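Observations on chain architecture
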Amino acid sequence: MNLDNEAYIDTDWLTVKNYEFKILVMIACLAENHLAFRGKLKDMCVFLGVGNTTSNTSKIKEAISALEAKGDIKTLVEGHTWTLTLSVKAERKDKIKRIKNAYIQAIQNYEPADKEDSVAWENILKVLVYLCADKREVKRYDEIAKALAMTEKTAKRAVKALVNIEFNDLSVKRKLAWFKNNEGDFKVIGNKYEVGLKFD
């Protein structure tokens, strides 16, 4: 995966099942150079961050079949070698967010200081794409969770991870959003997010 390239991630992918999302991202990381994924199931396991087990390879095959049935990918299998490409349908949508491959790798490699804050890389990436796509100034964890079909706890952990990940040139900042009611009391209404390039 060339870290200088960008993956074109469709916001419609954010609610698909996790294995389907990871496979779409894997192909998207190669698609900018008009490449396809070509390799064995064990190679897919490495990119997806899962062990090369019968259970995981079965889940990968199921996800590939589901994506192919929906018309999102094209598949060619020759012996044990799989070739996966995005379909024209998946490549030509208007809801695309460009995410650097380097950011995807940083997310995949992230390990929180506290294991209680662990969250799957695909959920962190889904939240990043969501924050880039949703132009509302204030967002609540429950809204993020509902939009991405994940639990609120997962959404909170993913946001915390994004704030803590050391990206080379990307900054993700979060601050509480307040409002003052008629009685003069302040109430938290959500978070404001700033996602953008950081300059030294």
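In short, a report on the structure. (Residues numbered from 1 in each chain as written. Predicted model: local features only at pLDDT ≥ 70, side-chain atom pairs only at ≥ 80, totals over all residues. Heavy atoms only, no water.)

What about the pairing of strand β1 (residues 6–10)?
- Here β1 lies mainly inside the structure; four of its five residues are buried.
- Direction of pairing for β1 relative to strand β5 (residues 96–100): antiparallel, over a ladder of five bridges. In the sheet register, Tyr8 faces β5, and the bridge partner there is Arg98. (Buried < 20%, exposed > 50% of the residue type's maximum accessible area, 1.4 Å probe, protein only. Helix = DSSP H or I, 4+ residues; strand = E, 2+ residues; numbered from the N terminus. Pairing = 2+ DSSP bridges.)

Quick word on the environment of Phe167
- You can see Phe167 is positioned in the loop between α8 (152–164) and β7 (170–180).
- Placed 62 residues apart in sequence, Phe167 and Gln105 show a C-alpha to C-alpha distance of 9.7 Å.

A closer look at the pattern of salt bridges
- Considering all chains together, one arrives at 13 salt bridges under this definition.
- Of the charged contacts in the structure, one is a salt bridge between Glu111 and Lys115, with a shortest N-O distance of 3.3 Å. Across this residue pair, the class does not change: Glu111 and Lys115 are exposed.
- The closest approach of N and O atoms between Asp117 and Lys160, which form a salt bridge, is 2.9 Å. On the criterion of sequence distance, the pair formed by Asp117 in the loop between α5 (101–109) and α6 (121–133) and Lys160 in helix α8 is long-range, its members being 43 residues apart. (Salt bridge = Lys/Arg side-chain N within 4 Å of Asp/Glu carboxyl O.)

Digging into the sheet that holds strand β2 (residues 37–39)
- Read across the sheet, three strands follow the order β2-β4-β3 without closing on themselves; strand pairing throughout is antiparallel. Two strands lie at the open edges of the sheet, namely β2 and β3 (73–78), each paired on one side alone. Averaged over all pairs of adjacent strands, the angle between their axes in this sheet comes to 10°, without regard to strand direction.
- Bridge count between β2 and strand β4 (residues 81–86): three bridges; the pairing is antiparallel. When the bridges of β4 are listed, Arg38 appears paired with Thr83.
- Lying on the sheet, helix α1 (residues 18–31) is in contact with β2, β3 and β4; it crosses β4 at an angle near 75°.
- Along the sheet, helix α3 (residues 54–69) contacts β3 and β4; its crossing angle with β3, the most-contacted strand, is approximately 130°. (Axes fitted to C-alpha atoms, helices over the stretch in contact; angles between N-to-C directions. Contact = heavy atoms within 4.5 Å.)

Remarks on α5
- All of the buried residues in α5 are Asn101, Tyr103, Ile104 and Ile107. For α5, the arc enclosing every buried residue in end-on projection is 160°, short of the 170-degree limit, so these residues lie on one face. (Arc of directions from axis to C-beta.)

Notes on the packing of aromatic side chains
- Applying the stated rule across the entire model yields two aromatic pairs.
- With centroids separated by 6.1 Å and ring planes inclined at 90°, the aromatic side chains of Phe47 and Trp121 adopt a geometry described as edge-to-face. Of this pair, Phe47 sits in helix α2 (residues 41–48) while Trp121 sits in helix α6, and the two are 74 residues apart along the sequence. Grouping residues by exposure puts Phe47 and Trp121 together as buried. (Phe/Tyr/Trp six-rings, centres within 6.5 Å; stacked < 30°, edge-to-face > 60°.)

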